[in-house]
Amino acid sequence: MERGDRQPLVRKSSSSYRTFPQSAAGRLDKEYLRSLHNKRLYLAVFAAVLGNFSFGFALVYPSPVIPALEAHPSAALRLDQHTAPWFGSVFTLGAAAGGLSTMLLNDCLGRKLSIMFSAVPSALGYALLAGAQGLWMLLLGRVLTGYAGGVTSASIPVYISEISHPGVRGMLGACPQIMAVLGSLVLYALGKYLPGVPASRARLWGGGGLVLDWRWLAVAGEVPVFAMVLLLCFMPNSPRFLLSQGKEEEALGSLCWLRGEDTDYAREYEQIKDSVRKQSRRVSCAELKDPFLYKPILIAAGMRFLQQLSGVTCILVYLQPIFKKTSVILKPEYDAALVGLVRLSAVAIAAVSMDKAGRKILLFVSAGVMLVSNLTMGLYIHWVPASHNGTAANATVASSAGLAAEPTNYITLIPLLATMFFIMGYAMGWGPITWLLMSEILPLKARGVASGLCVVVSWLTAFTLTQFFLPVVNAFGLEVPFLFFAVISAGNILFTGCCVPETKGRSLEQIEAFFRTGRRSFLR
């Protein structure tokens, strides 16, 4: 990074981040934050979160594609009630493998190079999906795109957290979720408007018109992958990671580029350097007994576990089939796009309010909305007769393609509204804040390994749920999963109140000091 000939005035005292209760230090922090230039920081974040765009695109790929593949004329590519769940869930298995490998990649390659590395399996996966000639190519393509998603899930939040400052970290921490939602929404839109094959050659869920040519969706998925790699080539690495590797000059240059040459970035550099110096050694198994390490890891992993148990991945992956089974008043593809718009709006609201309202209050509201929505959906499916909700006995979600979608009552708006509110609740709290808190509370010396562990926990949970969702629906009915998700949402409220710290407006060094000392004054 070019910094010019001017040498920054480095303030040797690094104690200010340990004396936050003092008002003078608080005023100094606010003055420094107001002086920063954020344009380059925003550019670096945008380059990184293109990986989340690709992740969101790939995650919901089965939603419009499963019906097209169920109706495919070739037996080698046609999905049935046994293979459709695997096509939907195997992505999460790949994501878990990606999170596992990131435990090493984050600390060996660094955050930025790990994100760039994810482009390789992502591009290969989309190529396999676009040119698939058999079921094994479809499944392998899903595994590879899932693996890339697991790597980005563990690397991007950490990268953003480490290059951001407290004034905008909450807002920028919501960007991965915003881009993932945008990626899903773009897929729904492309699934509706990309060229298709004549309806005479295949069955339709909604009837009429063209059936989606799903190969073009995979081709479109390559675009954000290559754009991400191109932009990241010009972005700096995380100053904290560079300092942990002993690259002090490069770290100072990186921070200068991110904050602006005419700011007092050297003061922040000294604080980061002091924190990194205290954690210069790699984490050992014996050190995991230290509450400074195991408490934030358990909180982060617990949040990722509960986030997935709330059912969001199942609902997103099987969104159109769920709407078809409940026979909502609009066509399933329109409902899916509408839910995507609601999700995008809710994440944007969370991004704006996260640094003002705080993390915990949004988590409480989010879990409460998810609880009411899941309970409403479960009770609706259980009590409304099949003649009103369009369900048929012993019909599976994935195989409901042949059912006629002719709603006879406006009561069928209830599942659409319940799903919209569930997605809105998730997107304003337990979606973006879970990722943000993971990158905030994990200590630097364990951040690479622990973030990978959290992603493994998350996606193994998601795989289990998406794999067993359809069998449970077939055996017990669609209401059972939603009632289970409602119980988990109630547990999310208790977990937030008992375990989650408020990190609004705190630097990463302050948050580490809180777990190290247990003094809540650091977080006031």
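Scope of this entry: the structure provided in the associated data block. (Residues numbered from 1 in each chain as written. Predicted model: local features only at pLDDT ≥ 70, side-chain atom pairs only at ≥ 80, totals over all residues. Heavy atoms only, no water.)

## Examining the overall build of the chain
The condition is simple: Under the DSSP-based scheme used, a helix requires at least four consecutive residues in state H or I and a strand at least two consecutive residues in state E, with every element numbered from the N terminus. Buried residues are those whose accessible area, probed at 1.4 Å on protein chains only, stays under 20% of the maximum for their type, while exposed residues exceed 50% and partly exposed ones sit between those limits. Contact definition: two residues touch when any of their heavy atoms are within 4.5 Å.
When helices and strands are tallied, the chain shows 24 helices and 2 strands. Split into buried and exposed, the 524 residues of the chain put 60% on the buried side. When contacts within the chain are restricted to residue pairs at least 6 apart in sequence, long-range pairs at least 24 apart make up 83% of them.

## Side note on a nonpolar patch on the surface
This is how it is decided: In this scheme, patches are assembled from residues that exceed 30% relative accessible area and form no salt bridge. Like charges are connected within 9 Å, while nonpolar side chains (Val, Leu, Ile, Met, Phe, Trp, Tyr) are connected within 5 Å. Here the Shrake-Rupley method, with its probe set to 1.4 Å, supplies the accessible areas, and only the displayed protein chains count as covering residues. Salt bridges are defined by distance alone: a side-chain nitrogen of Lys or Arg within 4 Å of a carboxyl oxygen of Asp or Glu.
On the surface, a nonpolar cluster with roughly 400 Å² of combined accessible area is contributed by Leu109, Leu113, Phe117, Val120 and Leu124. Among the secondary structure elements, those contributing two or more residues to the nonpolar patch are helix 5 (111–117) and helix 6 (119–130). Tracing the chain through its elements places Leu113 in helix 5.

## Notes on helix 21 (residues 432–441)
Of all 10 residues making up helix 21, 10 are buried, and the element is well covered by its neighbours. Every buried residue belonging to helix 21 is among Pro432, Ile433, Thr434, Trp435, Leu436, Leu437, Met438, Ser439, Glu440 and Ile441, and all of these are buried.

## Things to note about the packing of aromatic side chains
Filter applied, for reference: Two rings from Phe, Tyr or Trp (for Trp, the six-membered ring) form a pair when their centres sit within 6.5 Å of each other. Planes less than 30 degrees apart are called stacked, planes more than 60 degrees apart edge-to-face, and all others tilted.
Per the counting criterion, the structure on display carries 8 aromatic pairs. Considering the side-chain rings of Phe55 and Phe91, the 6.0 Å spacing of their centres and the 40° angle between planes classify their relative orientation as tilted. Of this pair, Phe55 sits in helix 2 (residues 39–59) while Phe91 is found in helix 4 (residues 83–108), placing the two residues 36 residues apart along the sequence. For Phe55, a relative accessible area of 9% puts it in the buried group. Exposure remark for Phe91: the relative accessible area of 0% places this residue in the buried category. Judged by centre distance (6.0 Å) and plane angle (75°), the rings of Phe482 and Phe485 are edge-to-face. Taken together, the residues span about one helical turn, with Phe482 and Phe485 both in helix 23 (residues 479–499) at a distance of 3 residues. Taken together, the ring pairs in this structure connect Phe55, Phe91 and Trp459 into an aromatic cluster.

## Here we look at the packing of helix 14 (residues 291–309) against helix 24 (residues 508–517)
Note the following rule: Think of each axis as a best-fit line through the C-alpha atoms, taken over the contacting stretch in the case of a helix, with angles from 0 to 180 degrees between the N-to-C directions. Handedness of a crossing follows from how the near helix is turned relative to the far one, being left-handed for an anticlockwise turn of less than a right angle and right-handed for a clockwise one. When residue character is reported, Ala, Val, Leu, Ile, Met, Phe, Trp, Tyr, Cys and Pro are called nonpolar, Asp, Glu, Lys and Arg charged, and the others, Gly included, polar.
The contact between helix 14 and helix 24 brings their axes to 8 Å, and the two run at 115°. Every pair of crossing elements has a handedness; the one defined by helix 14 and helix 24 is right-handed. Across from Phe292, Lys295, Pro296 and Ile299 in helix 14, the residues of helix 24 making contact are Glu512, Phe515 and Arg516. Split by residue class, the contact of helix 14 with helix 24 holds 4 nonpolar, no polar and 3 charged.

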